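Structure assessment
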Amino acid sequence: MTQHDDPSWFERPANIRWMIRGLVLVCVALVLADLFYENPHPHFGKLETFFGFQAWFGFVAFVVVVFLGRILRLLISKPEDYYERRR
Amino acid sequence: MNVVASIPPGLLMIVGGLLLIAVPRRFQSVGALVISVLSLISFWMLPEQDFGNFEMFGVSLNVVRIDKYSRIFGIVFHFAAILASIYALHVRDAKQHVAAMIYAGAAIGAACAGDLVTLFVYWELTAISSVVLVWATGTETSYRAGMRYLVIQVASGVLLLSGAIFQFVQTGSVMFGNFVVPGESLSPAGTLVLLAFGIKCAFPLLHNWLQDSYPKATPTGTVFLSAFTTKLAVYSLIRGFAGYDPLITVGCVMTLFPIVFAVIENDLRRVLAYSLNNQLGFMVVGIGIGSELALNGTVAHAFCHIVYKSLLFMSMGAVLFRVGTTKATELGGLHKSMPWTTLFCVIGAASISGFPLLSGFISKSMIISAAAEEHQLWVWIVLLIASAGVMEHSGIKIPFFAFFAHDSGIRVKEAPLNMLVAMGLASIMCIGLGVAYPLLYRMLPFDVDYHPYTVTHVVTQLQLLMFAALAFVFLMKTGLYPEEKRATVLDVDWVYRRALPQLVRGLRGTIDVVDGAVRRDTTVVLRSVYHTACRTFNENGILGRTWSSSTMTFWATVLLAICLVIYYL
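Residues numbered from 1 in each chain as written. Chains lettered and ligands numbered in written order. Predicted model: local features only at pLDDT ≥ 70, side-chain atom pairs only at ≥ 80, totals over all residues. Heavy atoms only, no water.

**Quick notes on unusual backbone geometry**
Residue and element names in this part refer to chain B. A positive phi angle, close to 50 degrees, is found at F57, a residue other than glycine. Checked against the element boundaries, F57 lands in the loop between β1 (50-56) and β2 (59-65). In this structure F57 comes out as exposed when scored by relative accessible area, which is 77%. For L205, which is not a glycine, the phi torsion comes out positive at approximately 75 degrees. Note on placement: L205 falls in the loop between α7 (188-200) and α8 (208-213). (Helix = DSSP H or I, 4+ residues; strand = E, 2+ residues; numbered from the N terminus. Buried < 20%, exposed > 50% of the residue type's maximum accessible area, 1.4 Å probe, protein only.)

**Here's the deal with the pattern of salt bridges**
Residue and element names in this part refer to chain B. According to the stated counting rule, one finds 16 salt bridges over all chains in the structure shown. The salt bridge involving D67 is made with R239; its shortest N-O contact spans 2.8 Å. In this pair, D67 is assigned in the loop between β2 and α3 (68-87) and R239 in helix α9 (residues 219-241), connecting sequence segments 172 residues apart. Across the pair D493 and R497 runs a salt bridge, and its minimum N-O distance is 3.1 Å. One end of the pair, D493, and the other, R497, are both in helix α19 (residues 493-537), four residues apart, so they sit about a helical turn from each other. Residue class for R497 comes out buried when judged on its relative accessible area of 15%. (Salt bridge = Lys/Arg side-chain N within 4 Å of Asp/Glu carboxyl O.)

**Overview of the packing of α9(B) against helix α11 (residues 268-289) of chain B**
Residue and element names in this part refer to chain B. Across the interface, α9 lies against α11 with an axial gap of 11 Å and an inter-helix angle of 15 degrees. In terms of orientation, α9 lies roughly parallel with respect to α11. Considering how the two elements wind past one another, α9 and α11 form a crossing that is right-handed. Facing α9, whose interface residues are P219, T222, S226, T230, K231, V234, L237, I238 and F241, α11 presents R269, L276, L280, M283, V284 and I287. Classifying every residue of the contact of α9 with α11 gives 10 nonpolar, three polar and two charged. (Axes fitted to C-alpha atoms, helices over the stretch in contact; angles between N-to-C directions. Parallel < 35°, antiparallel > 145°, perpendicular 65-115°, else oblique. Left-handed = near helix turned anticlockwise from the far one by under 90°. Contact = heavy atoms within 4.5 Å. Nonpolar A, V, L, I, M, F, W, Y, C, P; charged D, E, K, R; others polar.)

**Brief notes about the interface of chain A and chain B**
Often, the extent of an interface is quoted as the loss of accessible area upon association of its parts. Of the residues lining the interface, 57 residues belong to chain A; the matching set on chain B comes to 68 residues. Carbon and sulfur atoms make up 68% of the surface buried where chain A meets chain B, a total of about 5700 Å² over both sides. If you sort the residues of chain A by the area they bury against chain B, A:F62, A:R73 and A:Y83 come out on top, with a joint share of 14%. Taken together, chain A and chain B are joined by three salt bridges. Here A:E80 ties to B:R486 by a salt bridge, and the two come within 2.8 Å at their closest N and O atoms. On inspection of chain A and its partner chain B, the count reaches 15 residue pairs in polar contact (both at pLDDT 80 or more). Residue assignment for the side of chain A that touches chain B shows that the elements contributing at least two residues are α1 (13-33), α2 (46-49), α3 (53-76) and β1 (77-78) of chain A. (Buried area = accessible area lost by both parts, 1.4 Å probe. Polar contact = N/O pair within 3.5 Å; in protein donor to acceptor, adjacent residues only side chain to side chain.)

This is the structure in structure tokens:
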């Protein structure tokens with residue numbers, strides 16, 4: 001079953017580079033899009049209409065969640081057979 | 001038509017499921033599918049009505065109540081049963097098919113129950129039938145997990161029945177209505193029923209049966225499990241506790257903590273179980289808010305959720321079926337050998353994350369907007385964090401580590417055709433719901449005046465998701481993203497799987513020590529008494545040896561003298 005063949009389209013470094021560039025481009029475009037529309041009825045005033053609010057919020061929230069996960073791992077991660085031992 | 005209109009919903013599936021035992025093995029899976037479809041047709045034809053009213057032991061019952069809520073939940077339960085039946089067409093295992101049909105039928109019946117006693121009967125029936133799907137894996141681990149699952153589910157039913165009895169004693173009726181009276185705290189009956197619903201809805205601290213059991217069921221069984229039990233609880237909460245404020249807090253906690261667990265969990269089906277918990281949190285928040293928009297959003301979200309969560313569990317089930325594991329550490333690069341499964345999984349992942357044009361977007365945004373409209377700033381913030389979290393575990397982690405990441409070298413066949421068809425249909429539904437959302441909105445309990453595709457919505461949601469994706473790339477590139485590790489992540493189940501047994505063992509040890517010490521000391525004392533007695537009474541002992549007659553006469557006289565003195569005193 002184990003045999004490595006040619007890398008697929010998704011595995012070629014050049015393509016991965018292009019995908020990341022594409023993502024960055026989309027992100028920049030999405031933030032710039034904030035300049036071209038107005039939120040018709042914001043519920044939380046300045047916060048919601050703050051430039052690119054959900055963009056940086058999404059980024060920070062993601063990073064925070066991952067780091068909380070790392071801390072949690074230190075606390076409650078046990079070897080795989082934890083519950084199977086000492087029956 | 002009259003006959004059809006008087007069949008209680010779900011009964012067709014329960015009875016049909018039982019009859020499956022008599023069908024030859026080869027046709028059982030097809031039979032299950034046929035039963036599901038027939039049941040959907042008959043349910044579709046039922047008008048909104050109440051029937052099956054009768055009195056028993058002085059309690060009036062209402063077995064079937066079909067209104068807008070029961071209707072939409074009944075319909076989506078049928079869809080789930082049909083999709084899962086197609087997915088399970090290759091399975092040759094009578095007990096799984098029978099159990100799955102009874103389970104689905106009971107869930108549908110429960111969604112149309114008009115009183116608490118009928119609800120209780122179906123409630124327990126879902127518990128008893130669904131555990132078979134966990135046990136069907138046939139391993140020691142799944143047996144034990146199934147046992148824990150069953151105990152907890154039945155406990156939930158017992159609480160529900162106790163609540164019903166309290167309600168009857170208090171009000172003389174067991175009709176299932178809203179327990180919330182504005183400005184008053186919950187009645188004892190309401191509290192018990194809320195607790196019963198809370199267990200099935202996997203409230204924080206009561207949640208762990210879900211992550212414990214679902215990943216241990218069979219690949220096909222988990223698809224059934226993911227659709228019914230928890231959404232039945234959501235439905236019941238809407239009926240009984242809409243607008244109950246504390247639910248907002250409960251829901252917020254539910255959306256947040258599972259995402260952190262999901263980050264470090266290695267078993268991808270367990271990641272999906274955590275993600276299920278997180279999605280339920282959105283719905284519980286919606287129920288707590290209780291406005292028309294929020295309840296519409298909750299119902300819509302439950303509908304969409306059943307479809308995309310089934311889809312995700314189906315894709316991981318296909319991986320489990322072919323590779324034999326869903327551990328992230330052992331997977332990777334599967335997109336080469338399972339391209340269709342990959343595609344369907346990505347559609348499911350994008351749906352749950354809430355990408356525009358897919359189902360999650362049009363339902364989740366309703367709940368978030370409802371929170372905004374009530375000016376609940378913190379709830380809104382929490383839901384945004386949770387949305388970024390969903391993108392992390394379900395949007396990226398599941399498809400990335402299973403199908404891409406580093407090539408594990410595993411080469412397997414693509415999933416069986418019936419699995420692909422089921423996943424394909426679910427994907428089409430995800431896209432269909434995202435695009436033709438008015439079809440869904442029309443079925444919602446209240447009139448909908450909500451437009452998901454405004455520029456603001458689309459742009460802000462895309463900002464959130466794409467920057468979350470960017471954060472993932474950033475963390476991967478800098479090596480900060482925690483690598484996948486084989487591990488058991490502890491959760492609340494640790495309390496009853498480890499701490500309590502340990503405590504009992506400790507207590508038993510202490511009792512043993514004390515008991516041993518007392519026994520030993522008593523034996524020592526008794527033995528010394530025995531030895532003293534032996535020594536005193538033997539032929540040389542002070543009381544055993546032969547005494548001379550004169551000494552005896554002397555002592556007898558002394559005794560008589562003492563008696564005389566005492567007598568005359």
